[in-house]
Amino acid sequence: MSTHSAVATVAKKVPLEIIQVPTTTPEAQQVRLRVEWTASTPLDLHQNDGALLVKHPQVLGDSVAGTVVEAGSETKRLRVGDKVFGFTWKTQAQKAYQEFCTTDEWLLAKLPEGFTPMEAVTLPNNFVTVFHSLTTDLGLETPWPKPDNYVPDDASSAILVWGGSSSVGQFAIQILRYYGYTNILATASQKHHEKLRILGAHKVFEYNNPDVVESILKSGGDRGVPLIYDCIGSLKGSIGPIAKLAKKGAKVAILLPVVVRDSTDTEDPEYEMDVGKVAEWNYGVDVRGVRTHFYQDNEFFKHHLQPEIMPTLLKDGVVTPQKQRIVEGATLLERAQKAMDMLRRKEASMERLVWRVSDAYLVQ
Ligand SMILES: NC(=O)c1ccc[n+]([C@@H]2O[C@H](COP(=O)([O-])OP(=O)(O)OC[C@H]3O[C@@H](n4cnc5c(N)ncnc54)[C@H](OP(=O)(O)O)[C@@H]3O)[C@@H](O)[C@H]2O)c1
């Protein structure tokens, strides 16, 4: 049996390790790709430092960009040599932080011409999360192909993206703008306000301002803010103010997990998965916790979201890749550990930590 190197969390809040895992031969509609680039996400920190939904040793990572090196006998779209990117996480063979990933071809998009794999790998996790949350948790329609002159029913009612400068938040703003929403409100640090207006936010609020709730409420008009998308999920940093903002009839979608306490060098993190429990919600507020890992329950999304919608919107300039901060290091383990430490120190501000996975890729 051939094996390859993978980055794994091996116990709660200890340094990452390289383990050898089986190199899986693709069957039917699967492909095997050499993972060339990945992007770290806060889930790595939740899993490594908080052991959230982890069985040790567990290979980490869910965003891949690489080259198809082997294709199953029933593949329809992908061939050996194709450059691809995608959000793929379900089994150990599908995880991102390993030299080879074997996955279903519907979890991958072909890299459009004119984009680097480092740019493309900033999309998948965020892109899929946004479509899943808007449709499953906030009840919006995202027709595809989008009919010409499509206008949603409530195009001008306020939608708040709390954490507009986060990775998910940036794509939420761009995708809402694409579907015709004109009253997108967002929160972010002042330094990012202009960038978020360019992406499609109508008004941006400084979340550190003590008057932030009052300012947003004023701006929502008579109808308040009927849709709220919490792209941060922090007990104090986002859920506290959102619980004051959300009035009867509002829908609130919160990215899980709820971070009750952040991981730091000296403190362990604490998480909660039940969004109903974490605040005194006003009567009549519909609060949901977002779980993107279930997006394939939607058969249309399963077959079209990553293979078709994601590369099309990238190629057409509807969504732009996030700014990348390339994490350097002599070995796979060094790059992975550096990125983990940067996540813990919250070094990424409106950017994605992107790093090279396969060392073989470098010497080609
Ligand atoms: N359940 C799911 O399906 C799912 C899917 C994806 C992500 N998530 C979770 O969602 C969370 C965010 O993920 P991400 O990758 O988008 O994060 P990220 O890009 O690492 O977020 C960093 C940004 O968060 C902003 N931020 C921090 N605290 C804030 C606050 N209190 N209010 C507003 N903005 C704040 C900062 O904004 P400034 O730079 O402007 O200060 C920073 O730019 C993570 O916990 C992740 O695990 C869950």
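What counts and how
Residues numbered from 1 in each chain as written. Predicted model: local features only at pLDDT ≥ 70, side-chain atom pairs only at ≥ 80, totals over all residues. Heavy atoms only, no water. Axes fitted to C-alpha atoms, helices over the stretch in contact; angles between N-to-C directions. Helix = DSSP H or I, 4+ residues; strand = E, 2+ residues; numbered from the N terminus. Parallel < 35°, antiparallel > 145°, perpendicular 65-115°, else oblique. Left-handed = near helix turned anticlockwise from the far one by under 90°. Contact = heavy atoms within 4.5 Å. Nonpolar A, V, L, I, M, F, W, Y, C, P; charged D, E, K, R; others polar. 1 Å grid on protein atoms, 1.4 Å probe; cavity = no way out; pocket = protein on both sides within 12 Å on 5 of 7 lines; lining within 4 Å. Points joined across faces, edges and corners; volume = space filled by probe spheres on them. Near = heavy atom within 4 Å. Polar contact = N/O pair within 3.5 Å; in protein donor to acceptor, adjacent residues only side chain to side chain. Areas by Shrake-Rupley, 256 points an atom, 1.4 Å probe, with all protein chains shown as cover. Domains from an automatic or database assignment. Buried area = accessible area lost by both parts, 1.4 Å probe. Salt bridge = Lys/Arg side-chain N within 4 Å of Asp/Glu carboxyl O. Buried < 20%, exposed > 50% of the residue type's maximum accessible area, 1.4 Å probe, protein only. Pairing = 2+ DSSP bridges. Phe/Tyr/Trp six-rings, centres within 6.5 Å; stacked < 30°, edge-to-face > 60°. Lys NZ or Arg CZ within 6 Å of the ring centre and 35° of its normal. Core = buried A, V, L, I, M, F, W, Y, C linked by side-chain atoms within 4.5 Å.

Considerations on the packing of helix α3 (residues 124-137) against helix α8 (residues 299-315)
Okay, so step 1: Two numbers describe how α3 lies on α8: the axes approach to 11 Å, and their chain directions differ by 120°. Taken together, the axis directions place α3 and α8 in an arrangement best described as oblique. For the pair α3 and α8, the crossing hand works out as right-handed. Residues P124, F127, V128, F131, H132 and T135 of α3 pack against F301, L305, Q306, I309, M310 and L313 of α8.
Okay, so step 2: Counted by class, the contact of α3 with α8 contains 9 nonpolar, 3 polar and no charged residues.

Describing empty space enclosed by the protein
Okay, so step 1: Summed over all chains, the structure comprises 1 cavity of 30 Å³ or more.
Okay, so step 2: Here the largest cavity defines a volume of roughly 70 Å³.
Okay, so step 3: Contributing to the lining of the largest cavity are T41, L43, D44, Q47, L60, G61, D62, W89, K95 and H293.
Okay, so step 4: Residues belonging to the lining of the largest cavity are distributed by class as follows: 3 nonpolar, 4 polar and 3 charged.

Things to note about the site of the ligand
Okay, so step 1: S167, S189, Y207, T292 and S349 are the nearest of the 28 residues found near the ligand.
Okay, so step 2: Here Y207 contributes a side-chain N or O atom positioned 2.6 Å from an oxygen atom of the ligand.
Okay, so step 3: In this structure, a nitrogen atom belonging to the ligand sits 2.7 Å away from a main-chain N or O atom of V290.
Okay, so step 4: Taking 950 Å² as the accessible area of the ligand by itself, protein coverage stands at 85%.
Okay, so step 5: At the level of elements, α1 (42-50), α3, α4 (167-178) and β10 (184-188) are the ones that each hand at least two residues to the shell around the ligand.
Okay, so step 6: In terms of residues, the shell around the ligand owes the most to one element, α1, which gives 3 residues.
Okay, so step 7: The class makeup of the residues in the shell around the ligand is 13 nonpolar, 13 polar and 2 charged.

Topic: the domain arrangement of the protein chain
You'll often see interface size given as the accessible area lost when the parts meet.
Okay, so step 1: Domain annotation of the protein chain identifies domain 1 (3-122 + 321-363) and domain 2 (126-293).
Okay, so step 2: For domain 1 versus domain 2, the distance between C-alpha centres works out to 27 Å.
Okay, so step 3: With 19 residues of domain 1 in contact, the opposing surface of domain 2 contributes 24 residues.
Okay, so step 4: It is K13, F87 and M350 that lose the most area in domain 1 upon contact with domain 2, and together they represent 32% of the buried surface on that side.
Okay, so step 5: Between domain 1 and domain 2 we count 2 salt bridges in total.

Regarding the pairing of strand β9 (residues 159-162)
Okay, so step 1: Residues I159 and V161 of β9 are buried on one face, and the alternating residues L160 and W162, pointing to the opposite face, are buried as well.
Okay, so step 2: As paired strands, β9 and strand β12 (residues 227-230) are joined by 4 bridges and run parallel to one another. The residue bridging I159 from the neighbouring strand is L227, located in β12.

Considering the packing of aromatic side chains
Okay, so step 1: Overall, the coordinates contain 9 aromatic pairs when judged by the stated rule.
Okay, so step 2: Centroid distance W89 to Y295: 6.0 Å. Interplanar angle 45°. Geometry classified as tilted. Within this pair, whereas W89 is found in the loop between β6 (83-87) and β7 (100-104), its partner Y295 is found in the loop between β16 (286-290) and α8, the two being separated by 206 residues in sequence. Across this residue pair, the class does not change: W89 and Y295 are buried.
Okay, so step 3: Three or more aromatic residues joined by ring pairs make a cluster, and in this case those are F127, F131, Y150, Y178, Y179 and F301.
Okay, so step 4: In this structure, R32 is placed above the aromatic ring of F100, and the distance from its NZ or CZ to the ring centre is 4.6 Å.
Okay, so step 5: Positioned over the ring face of Y178 is K146, at 4.4 Å from the centre of the ring.

Topic: the environment of T25
Okay, so step 1: Residue position: T25 is located in the loop between β2 (17-22) and β3 (30-39).
Okay, so step 2: Taking the C-alpha atoms as reference, T25 lies 9.9 Å from T103; in sequence the two are 78 residues apart.
Okay, so step 3: Beyond its immediate stretch of four places on either side in the chain, T25 contacts Q30, E70 and T102.

Details of the side chain of T142
Okay, so step 1: With respect to the helices and strands, T142 occurs in the loop between α3 and β9.
Okay, so step 2: Filtering out sequence-adjacent residues up to four positions away, T142 remains in contact with F131, T135, Y179 and F301.

Examining the nonpolar core
Okay, so step 1: One finds F127, F131, I175, L196, Y229, L313 and V319 to be the most contacted residues of the largest nonpolar core, which totals 56 residues.
Okay, so step 2: Ranked by the residues each element gives to this core, the list is headed by α4, at 7 residues.
Okay, so step 3: Two domains each donate at least three residues to this core, and these are domain 1 (3-122 + 321-363) and domain 2 (126-293).

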